[in-house]
Amino acid sequence: MVCEEIRIKNNIYQHFYVLKTNRNKRHRYGEFLVEGVRNLNEAVTEGWKIKALLMREGKLSNWARGLVHTTAVNNYRLCEELMRELSGKEDTSELMAVVEMRQELPEQVRLSGNPFLVVFDRPSNKGNLGTLIRSCEAFGVDALFLTGHGVDMYDPEVITATMGSFFRLPIVRVAENETLFRYLDVLREEYPGMRVVGSTAHRQQTVYEVMRQRREKG
């Protein structure tokens, strides 16, 4: 294993730092930063491409050593201060990963026989988006579509809040609503019984009632 040591804020470190802090550069590079045992395990299990692993100085756990030796092409050992700056946790992570983004189109989503899709327009809170992604997976959603200019789904805070669900749930960013509308029109032809349900604070039915009705209809 080749492992480059980084003890100062050099160009390599600055690249990692902008993946944490700069949305535009994150998407320009097509990479994002991931930390947390569950998130890293799911990224590997679900076949996401690990571009690099960043590890702290000192002895690593057996889990971390195993991941370092089996997954990344490039590995970097960072001094404690730099690792702390990158980590979003009070107790600095021993291992973080640079992961390659996936570009999915609506028509690439694999649908079940009775598709269940969720659309979230312009998410404004990182934690809320992460929670929604977890909830979508728990409800058996086929895919989550994000529309408009909202929170970046690749923001490290969003990834952390998903607790691994991010890597299992298909998530599609749709820049223009018309693209989504055309996709839904196609689905309506393929699935004549398809229903579109919107959420509101002035509810007529709870989400649990809607889900019960869906299950009863098969």
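Structure first, text after, so check above.
Cut-offs used in this document
- Residues numbered from 1 in each chain as written.
- Predicted model: local features only at pLDDT ≥ 70, side-chain atom pairs only at ≥ 80, totals over all residues.
- Heavy atoms only, no water.
- Pairing = 2+ DSSP bridges.
- Helix = DSSP H or I, 4+ residues; strand = E, 2+ residues; numbered from the N terminus.
- Axes fitted to C-alpha atoms, helices over the stretch in contact; angles between N-to-C directions.
- Contact = heavy atoms within 4.5 Å.
- Buried < 20%, exposed > 50% of the residue type's maximum accessible area, 1.4 Å probe, protein only.
- Polar contact = N/O pair within 3.5 Å; in protein donor to acceptor, adjacent residues only side chain to side chain.
- Core = buried A, V, L, I, M, F, W, Y, C linked by side-chain atoms within 4.5 Å.

A. Summary view of the sheet that holds strand β2 (residues 31-35). The strand order across the open sheet built from five strands is β1-β4-β3-β5-β2, with neighbouring strands paired in mixed fashion. Each of the sheet's edge strands pairs with one partner strand only, and the pair in question is β1 (3-6) and β2. Neighbour to neighbour, the strand axes of the sheet diverge by 25 degrees on average, direction disregarded. Two strands pair when backbone bridges link them, and strand β3 (residues 50-56) and strand β4 (residues 74-78) are joined in this way by five bridges, in the parallel orientation. In the strand pairing of β4, Met 55 is matched with Arg 77. Relative to the sheet, helix α1 (residues 11-21) contacts β1, β2, β3, β4 and β5 (95-100), its axis offset from that of β2 by approximately 85 degrees. Lying on the sheet, helix α3 (residues 37-45) is in contact with β2, β3 and β5; it crosses β2 at an angle near 130 degrees.

B. Structural context of the sheet that holds strand β7 (residues 143-147). Here we have three strands laid out as an open sheet, ordered β6-β7-β8, and parallel in their pairing. The strands lining the two open edges of the sheet, one partner per strand, are β6 (117-121) and β8 (171-174). Along the sheet, successive strands turn relative to each other by an average axial angle of 20 degrees, direction set aside. Two elements, β6 and β7, share five bridges in a ladder whose sense is parallel. Bridge pairing in β7 places Phe 120 opposite Leu 146. Each of β6, β7 and β8 is contacted by helix α6 (residues 126-138), which is oriented at about 150 degrees to β7, the strand it contacts most. On the sheet, helix α8 (residues 177-190) packs against β6, β7 and β8 and is oriented at approximately 145 degrees with respect to β7.

C. The side chain of Asp 152, seen in detail. Positionally, Asp 152 belongs in the loop between β7 and α7 (156-162). Exposure remark for Asp 152: the relative accessible area of 5% places this residue in the buried category. There is a polar contact of 2.9 Å between the side chain of Asp 152 and the side chain of His 27. Filtering out sequence-adjacent residues up to four positions away, Asp 152 remains in contact with Arg 23, Arg 26, His 27 and Val 158.

D. Region of interest: the nonpolar core. Judged by nonpolar contacts, the single largest core of 34 residues is most densely connected at Phe 32 and Phe 166. Residue assignment for this core shows that the elements contributing at least two residues are β2, α3, β3, α4 (62-70), β5, α6, β7 and α7. In contact with Phe 32, not counting residues within four places along its chain, are Arg 26, Trp 48, Ala 97, Val 98, Val 99, Glu 100, Met 101, Tyr 154, Ile 159, Phe 166 and Phe 167. Core analysis: the next-biggest nonpolar cluster, separate from the first, contains 15 residues, Phe 16, Leu 33, Ala 52 and Val 98 among them.

E. Structural context of the environment of Ser 199. Note that Ser 199 resides in the loop between α8 and α9 (207-217). For the pair Ser 199 and Phe 116, spaced 83 residues apart in sequence, the C-alpha separation works out to 15 Å.

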